[in-house]
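# Close look at the chain arrangement
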Amino acid sequence: MTTLPTERSVRSTPEGLLWEPSERWVRGYKGEVAVVDSRHPVLVWEPDLPVPQYAFPRGEVRTDLLRPAKNPATGTHTGSRIFYDLEVDGELRENAAWTFPAADLADHLAFEWFRRRDTGLDRWYEEEEEIFIHPRDPHKRVDALPSSRHVRVEVAGTVVADTRRPVLLFETSLPTRYYIPREDVRLDLFEPTDHRTGCPYKGTAQYWTWRGGADVPRNIVWSYPDPLPPVAAVKGLLAFYNEAVEITVDGARLERPVTPFTASLKA
C-alpha cells in the first residue's frame, strides 16, 4: 500500500537529527551549473537550528564538482566530519557540502543554504519557484489576515503608530506581527537604512531606524514592498519588532516576547 505524504512521520536519529522525505523537485545552481537536481530530497532539522535544510541522494548531485575539503569544518552540523569543497569554473567554495553523521543519511549530501556566507550555491528552486535563505518548513504556517483591532505602537514613550485597520501576520513559533498602513505610522520619526533581509515565506524586506536616540535598536521597522503571493495583504505596510517596542492591542499592553531575533536587536 502506498504511503501518502500526509501519513509520513518525521524520523529521528541517535545524533538528534530529525528528517523526512519530500516530494518537491529541488535544484541548486552555482552560476549556470546545476549542482543539485533532485526529485528525492530529504528535509533535515538540526537540533540547534529552527529551520530545515535539504539533503540529497548522491546520485542527484554533481559529485564530480566536489573535492574533499582542504579545511573541513569538523564538528559543525551536528558533529559532521565529512566535508567537501565545491569547484565550478575554477572558483572554489570551501565546505559547501557535507554528510550528516547519521546512518540514515549516510548516502545523502547537504549543501550550505541557511545564512550562507559565499560558501553555498547561488540559487535554489523548489519546482519553478526560487527559494531564498532556507527551505520552507512543511510543518509551519504563515497567514496574513486583515483585522479591525485597535493597535498602537510606542517607541521610547512616543506613539509612533495608531490604527484600526492592521493586517495581522501569524507565523508558527513567532509572535503575531502587526502590519500597519503607512498613513497610520509616524514614518517621519524614522529614517530608511540599507538593511535588507530575505524570507522564504514573505520575500525581501526593507528597514527603517528610529531617529530619536535613546536606547532603541536599529532597524526596528520593516516593510515588504513586493511580498510573495501568500502574504500579499502586507504589501507596503509597516511592522515593528514586538521584542523592541511597546504594542497595545485593543487596550491591552503586550509583553515583549523573547524570540530568535531578541539577541540580534541591539541599540
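Just so we're clear, the structure is a prediction, and the values are computed from it rather than from any experiment. (Residues numbered from 1 in each chain as written. Predicted model: local features only at pLDDT ≥ 70, side-chain atom pairs only at ≥ 80, totals over all residues. Heavy atoms only, no water.)

The helix and strand tally for the chain stands at one helix and 23 strands. Reported as C-alpha extents along the three principal axes, the dimensions of the chain are approximately 60 × 50 × 35 Å. Per-residue burial for the chain yields a buried fraction of 48% across its 267 residues. A separation threshold of at least 6 residues defines the contact pool for the chain, and within that pool the share at least 24 residues apart is 50%. Element-wise, carbon and sulfur atoms account for 49% of the exposed surface of the chain, whose accessible area totals about 13800 Å². A distance of 4 Å separates the average location of the 34 positive side-chain charges in the chain from that of its 41 negative side-chain charges. (Helix = DSSP H or I, 4+ residues; strand = E, 2+ residues; numbered from the N terminus. Buried < 20%, exposed > 50% of the residue type's maximum accessible area, 1.4 Å probe, protein only. Contact = heavy atoms within 4.5 Å. Areas by Shrake-Rupley, 256 points an atom, 1.4 Å probe, with all protein chains shown as cover. Lys, Arg positive; Asp, Glu negative; His and termini not counted. Charge placed at Lys NZ, Arg CZ, Asp CG, Glu CD.)

Scanning the entire structure with this criterion turns up 23 salt bridges. A salt bridge links Asp143 to Arg141; the nearest nitrogen and oxygen atoms lie 2.8 Å apart. Relative accessible area serves as the criterion here: at 55%, Arg141 is assigned to the exposed category. A salt bridge links Lys202 to Glu171; the nearest nitrogen and oxygen atoms lie 2.9 Å apart. Residue Lys202 is located in the loop between β18 (190-199) and β19 (203-210), and its partner Glu171 is located in strand β16 (residues 167-171); the two are separated by 31 residues in the primary sequence. Three or more residues are tied together by salt bridges with common partners; here these are Arg152, Glu154, Glu246, Arg253 and Arg256. (Salt bridge = Lys/Arg side-chain N within 4 Å of Asp/Glu carboxyl O.)

Let's shift gears to the sheet that holds strand β12 (residues 129-130). Two pairing modes exist for strands in a sheet, parallel and antiparallel, and in both the strands are linked by backbone hydrogen bonds. With respect to topology, four strands assemble into an open sheet ordered β4-β3-β11-β12, the strand pairing being antiparallel. Each having just a single partner strand, β4 (33-38) and β12 make up the two edges of the open sheet. Of the pairings in the sheet, the one linking strand β11 (residues 123-126) to β12 comprises two bridges and is antiparallel in character. Residue pairing for β12: Tyr125 is matched across the bridge by Glu130. (Pairing = 2+ DSSP bridges.)

Within this structure, the stated rule accounts for 14 aromatic pairs. Look at Tyr54 and Phe56: their rings are 5.8 Å apart centre to centre, the planes differ by 35°, and that puts the pair in the tilted class. For Tyr54, a relative accessible area of 2% corresponds to the buried category. Judged by its relative accessible area of 0%, Phe56 is buried. Members of the aromatic cluster, connected to one another through ring pairs, are Tyr54, Phe56, Phe111, Trp113 and Trp124. It is Arg27 that lies over the ring of Trp25; its NZ or CZ is 4.0 Å from the centre. When the ring centre of Tyr29 is taken as reference, the NZ or CZ atom of Arg123 above it lies at 4.8 Å. (Phe/Tyr/Trp six-rings, centres within 6.5 Å; stacked < 30°, edge-to-face > 60°. Lys NZ or Arg CZ within 6 Å of the ring centre and 35° of its normal.)

What follows covers the environment of Arg62. Structurally, the position occupied by Arg62 is in the loop between β6 (53-57) and β7 (66-68). Note on Arg62: relative accessible area 34%, which makes it partly exposed. Sequence spacing of Arg62 and Val35 is 27 residues, and the spatial spacing of their C-alpha atoms is 5.1 Å. Residues contacting Arg62, with those up to four places away along its chain left out, are Val33, Ala34 and Val35.

Turning to the sheet that holds strand β22 (residues 246-249), a few remarks are in order. Pairing is antiparallel across the open sheet formed by four strands, whose spatial order is β15-β14-β22-β23. Both edges of this open sheet fall to β15 (158-163) and β23 (252-253), since each of them pairs with a single strand only. In terms of strand pairing, strand β14 (residues 151-155) meets β15 through five bridges, oriented antiparallel. Within β15, the residue paired with Glu154 across the bridge is Val159.

Take it as geometry only, folks, not as evidence of what the structure does.
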